[in-house]
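Residue-level listing of the chains:
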Amino acid sequence: MTMKLLLSEKRIQQRVGDLARQISKDFAGRELLLVGILKGAFIFMADLARKIKGPVKIDFVRVASYGSGTCSSGKIRFTKDIEVSLKGKDVLIVEDIIDTGVTLKFLRRCLRARRPRSLAVVTLLDKPSRRKVPFQADYTGFQIPDHFVVGYGLDCAEEYRNLRGIYIVK
Ligand code: PRP
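Now for a quick tour of the structure. (Residues numbered from 1 in each chain as written. Predicted model: local features only at pLDDT ≥ 70, side-chain atom pairs only at ≥ 80, totals over all residues. Heavy atoms only, no water.)

**Section: the layout of surface pockets**
Volume-wise, the largest pocket comes out at about 880 Å³. Taken together, 30 residues make up the lining of the largest pocket; nearest its centre are Ser 65, Glu 95, Ile 97, Asp 99 and Thr 103. Put simply, the parts of the chain that give the lining of the largest pocket at least two residues each are strand S2 (32–38), strand S3 (56–64), strand S5 (90–98) and helix H3 (102–112). Sort the elements by how many residues they give to the lining of the largest pocket and S5 lands first, with four residues. (1 Å grid on protein atoms, 1.4 Å probe; cavity = no way out; pocket = protein on both sides within 12 Å on 5 of 7 lines; lining within 4 Å. Points joined across faces, edges and corners; volume = space filled by probe spheres on them. Helix = DSSP H or I, 4+ residues; strand = E, 2+ residues; numbered from the N terminus.)

**Considerations on the site of the ligand**
By nearness alone, 15 residues border the ligand, and Glu 95, Asp 96, Thr 100, Gly 101 and Thr 103 come closest of all. The contact in question runs from an oxygen atom of the ligand to an N or O atom on the backbone of Lys 39, over 2.9 Å. Within the contact set of the ligand, an oxygen atom lies 3.2 Å away from a side-chain nitrogen or oxygen of Arg 161. Against a free-state accessible area of 500 Å², the protein chains account for coverage of 73% of the ligand. (Near = heavy atom within 4 Å. Polar contact = N/O pair within 3.5 Å; in protein donor to acceptor, adjacent residues only side chain to side chain. Areas by Shrake-Rupley, 256 points an atom, 1.4 Å probe, with all protein chains shown as cover.)

**Concerning the pattern of salt bridges**
According to the stated counting rule, one finds 17 salt bridges in the structure shown. Across the salt bridge formed by Lys 80 and Asp 59, the nearest N and O atoms sit 3.8 Å from each other. One end of the pair, Lys 80, is in strand S4 (residues 77–80); the other, Asp 59, is in strand S3, and 21 residues separate them in sequence. Residue classification places Lys 80 among the partly exposed positions, given a relative accessible area of 24%. With a relative accessible area of 8%, Asp 59 lands in the buried category. With a closest N to O distance of 2.8 Å, Arg 131 and Asp 126 form a salt bridge. If you follow the salt bridges from partner to partner, you end up with Lys 39, Asp 155, Glu 158 and Arg 161 in one network. (Salt bridge = Lys/Arg side-chain N within 4 Å of Asp/Glu carboxyl O. Buried < 20%, exposed > 50% of the residue type's maximum accessible area, 1.4 Å probe, protein only.)

**Re the sheet that holds S5**
If you trace the six strands from one edge of the open sheet to the other, you get S4-S3-S2-S5-S6-S7, paired in mixed fashion. Single-partner strands in this sheet number two, and they are S4 and strand S7 (139–143). For this sheet the average axis-to-axis angle between neighbouring strands, irrespective of direction, equals 30°. Pairing of S2 with S3 involves seven bridges; the strand directions are parallel. Bridge pairing links Gly 36 to Phe 60 in S3. Across the sheet, helix H1 (residues 9–26) lies against S2, S5, strand S6 (118–126) and S7, angled at about 160° from S7, the strand it touches most. Seen against the sheet, H3 touches S2, S3, S4, S5 and S6 and runs at an angle of roughly 165° to S5. (Pairing = 2+ DSSP bridges. Axes fitted to C-alpha atoms, helices over the stretch in contact; angles between N-to-C directions. Contact = heavy atoms within 4.5 Å.)

**Looking at unusual backbone geometry**
Leu 38 connects to Lys 39 through a cis peptide bond whose omega is -5°. If you trace the backbone, Lys 39 turns up in the loop between S2 and helix H2 (42–51). Not every positive phi belongs to a glycine, and Ala 157 is a case in point at roughly 50°. Topologically, Ala 157 is positioned in the loop between strand S8 (149–150) and strand S9 (166–169). With phi around 75°, Tyr 160 is a residue other than glycine that occupies positive phi space. Within the fold, Tyr 160 resides in the loop between S8 and S9. Residue Tyr 160 is classed as partly exposed on the basis of its relative accessible area, which comes to 24%.

**Description of the pairing of S2**
Where burial is concerned, most of S2 is hidden: six out of the seven residues are buried. Each parallel crossover has a hand, and the one from S2 via H2 to S3 is right-handed. The sheet contact formed by S2 and S5 spans five bridges and is parallel. In the sheet register, Leu 34 faces S5, and the bridge partner there is Leu 92. (Right-handed = clockwise from strand over helix to strand, strands pointing away.)

Now the structure itself:
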């Protein structure tokens, strides 16, 4: 197995700073509830939350791709649900990578039903060439080609999540 650097720590931090500035501007004067999707988003979430100016609250959700769930689609189920009400809140879903789009399409539908004031999605990485269902994030860090990537929260069999950069694994 070989690993090739795709995005350095410096590039990632710069881009997370850009995203945080844009989000801070768009939500100026409002309190944001950041909802991170476990596990992959935990490092992006931590950096983004610290770079956003203004009040933020934090929660996490974890979903499994298949199984009988509470969501009407039946294609995802919550293995850990959000612990607060979303009603009337400005909610920003924080994701590490969008691949087929299935996770976020159904998660967004589920969370919208809980009547937040607004619901937006930020993803660090996007692989548009892999989409099975149409999905567009509101904020995207980097569009990347269809390679298997690890680091900065992303894993290969649970390893490498703690790398500071993002690497292509071959
Ligand atoms: C990855 C990633 C997204 C999802 C994207 O999670 O973090 O949540 O897959 O895929 P999709 O667009 O095809 O639905 P994964 O299932 O690997 O879990 P993890 O975050 O715990 O590693």
